[in-house]
Structures are given as structure tokens and as C-alpha cells.
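What follows is the residue order along each chain.
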Amino acid sequence: MSIHHPPVSVISGAASGIGRSTAEFLARQGHKVVIGHFAKDPHDPQHTLDLVTAAGGEGVILDLDVSSTESVDVFIHSAVEHFGAVTHVVANAGILRQAPMGQMDDASWDELLQVDLHGVMRLVRASLPHLARGSSIVATSSIVGGYYGWAEHAHYAAAKAGVIGLTRSLAVEFGPQGIRANAVIPGLIETPQSLDSVNSLGREGLKAAGDYIPWGRVGKPEEVASVIGFLLSDHASYLTGQELTVDGGLTVAMRG
Ligand code: NAD
């Protein structure tokens, strides 16, 4: 069995940020896109669908809570019903919370892991029966966990490091079936997540980061989306089990 044409990509967390830009990018590449929308968040998935349509593509908005196995299974079932296939998976949904270790109760730890790590596993697991030779999976990790620790964000770092181990293992397990799996490691990208000054850097912190990022500024969501698109595409046909870092040089810069 080889993959269905045109390709059909499911994207979690596609109502905002990197997921939204990825939907738009993939639509421009001829993918049909399934826009996973977490209804409890205020993001407008219609905006993503409008971008997809303006790019000449076709999309559908479906509810998705990656912390629920039932929701993920219904999402994939509905995606297949709508487009007749699922060929590519972008496991991108994530949350970021500040939590000093001394105040890290089990509920805070679980909530984050359920989305940022278990959610990736759930989306891939539900998609697998529909994937075939030529299919490709991309999961979103982070420089936190991928390279760095971050005080008061240990659960996030643990989840994002876990995404890398998970993705490598998928590459090994499904390589013989012609299915690739890779992770993208974004640096500091301006999105609703990083603009949140309680749990992340906020607007001022992102602006200041330009002083220590070699490229001189934080990234834009579309600059990660195009790398996700490359990893999904046949241009990356021999690339599997890897992480691609998109950070304007942040992690290779020696300071001091
Ligand atoms: P974002 O907040 O715009 O996107 C995250 C998306 O995930 C949102 O649309 C949100 O509604 C969705 N989501 C949250 N909980 C969910 C759930 N339970 N089920 C389904 N969807 C859910 O921020 P973003 O920066 O675009 O984040 C995308 C990914 O990139 C995340 O995994 C994030 O951790 C990662 N990342 C971001 C940065 C950055 O600097 N922005 C850096 C490294 C990694």
C-alpha cells in the first residue's frame, strides 16, 4: 500500500501559532489539512481555515483534545471520514506552565505531560492504522528539553525531552514500513504561548532575546512551519529519527 493522493495532514493545535502557519504552508503544498482545534482555548480556528482557503487549499476544522484518548480517536475517525485518508501527522499541540518544583503537585505535572507528551503518543497511535509507505510524522519538541533545562518549568522540559525519545523510537519501529518520524525543535518563536508573560517570556522578554540570538530576533511561526513541511515532504525521504532545530542560532552561540 502506498499513500493516498493528495496527501491529508492532521495537525494538532492548528488554531494558533506554529500549528496555524503549518496548516497554511501545507495547504500551499497541496495537502488537504485537518485543523485540530482545542475548544477550551480562545483561538479562532476559522482564521486558520481562511488562510488555508486563501492558499488554494482545502481544510476542515475538527475538535481535538489530545489529553483525551476518546477525543483523539474521534478526531482521526472524523478526519478519515471527511477526506478518505490520513497520510501525515503533525503532533504540535502543547501547553507551557510555570511551576516551581516545590509547588509541583501531581495534578500540575500530569496536566502538562498529558498534553505535551501523552498527546503526541495518542495522536500518532490513532493515526497509525491509516498511515502507509510514504507517510511521515513530525512532533514539536523544544529547545527546553531538547537542549536546555528551565527553572520552574521541569515538567515542560521533561515532556519535550520525552517527545524526542518517542520520535526516535517511532522512526525505528516504522522505518521498515516506509513511515518516517522526526521532531522539530523550535527556539524562541513569537506565538500566543511565548507571548504569555506569566508562563513564558512575554512580549518584552521576546524583544530582549534579540540581543542574545545570533540572528538578532525571535522566530516567526511560518519559519518553523516551512521546516515541518520539509520534514513531511519527500525532499526529506532519507531523513528519519532526527531533530531539526529552528532557533536563529541560539543553541550554538557561546555566551561570555
Ligand atoms: P500556541 O499556544 O499558539 O499553540 C499551541 C496550541 O495547542 C494552541 O492552539 C492550543 O489551543 C493547543 N492545545 C492546547 N492544549 C490542547 C489540548 N489539550 N488538545 C489539543 N490542542 C491543545 O503556541 P505555539 O508556540 O504555536 O506552540 C506550538 C508548539 O510549539 C507547542 O508544542 C509548543 O510547546 C512548541 N514550542 C513553542 C515555542 C515558542 O517559542 N513559541 C518554542 C518551542 C516549542
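Residues numbered from 1 in each chain as written. Predicted model: local features only at pLDDT ≥ 70, side-chain atom pairs only at ≥ 80, totals over all residues. Heavy atoms only, no water.

## With respect to the nonpolar core
Across soluble globular proteins, you tend to see nonpolar side chains buried next to one another. One finds Val10, Val34, Phe75, Leu123 and Ile137 to be the most contacted residues of the largest nonpolar core, which totals 41 residues. Secondary-structure elements contributing two or more residues to this core are β1 (8-11), β3 (58-63), α3 (69-83), β4 (88-91), α4 (106-116), α5 (118-127), β5 (136-140) and α7 (154-174). When residues of this core are assigned to their parent elements, the largest contribution, eight residues, is made by α7. Among all residues touching Phe75, those that are not within four sequence positions of it are Val10, Ile11, Val34, Gly36, Leu62, Asp63, Leu64 and Leu123. Ala23, Phe25, Leu49 and Leu231 belong to the second largest nonpolar core, which has 22 residues in total. (Core = buried A, V, L, I, M, F, W, Y, C linked by side-chain atoms within 4.5 Å. Buried < 20%, exposed > 50% of the residue type's maximum accessible area, 1.4 Å probe, protein only. Helix = DSSP H or I, 4+ residues; strand = E, 2+ residues; numbered from the N terminus. Contact = heavy atoms within 4.5 Å.)

## Structural notes on the sheet that holds β5
Ordered by their spatial adjacency, seven strands build an open sheet running β3-β2-β1-β4-β5-β6-β7, and the pairing between neighbours is parallel. Looking at which strands have only one partner, the edges of the open sheet turn out to be β3 and β7 (243-246). Across the sheet, the mean angle from the axis of one strand to that of its neighbour is 20°, orientation sign disregarded. Two strands pair when backbone bridges link them, and β5 and strand β6 (residues 180-186) are joined in this way by five bridges, in the parallel orientation. Looking at the pairing, Ile137 lines up with Ala181 of β6. Docked against the sheet, α3 engages β1, β2 (32-37) and β3, running at close to 155° with respect to β3. Along the sheet face, α5 touches β1, β4 and β5 and points at about 170° away from the line of β4. (Pairing = 2+ DSSP bridges. Axes fitted to C-alpha atoms, helices over the stretch in contact; angles between N-to-C directions.)

## What about the site of the ligand?
Within the structure, the ligand sits among 28 residues, and Ser16, Ile18, Asp41, Tyr156 and Thr191 are positioned closest to it. Taking Gly187, its main chain carries an N or O atom lying 3.3 Å from an oxygen atom of the ligand. Protein chains bury 96% of the 810 Å² of accessible surface belonging to the ligand in isolation. Those elements giving two or more residues to the shell around the ligand turn out to be α1 (17-28), α7 and α8 (192-195). (Near = heavy atom within 4 Å. Polar contact = N/O pair within 3.5 Å; in protein donor to acceptor, adjacent residues only side chain to side chain. Areas by Shrake-Rupley, 256 points an atom, 1.4 Å probe, with all protein chains shown as cover.)

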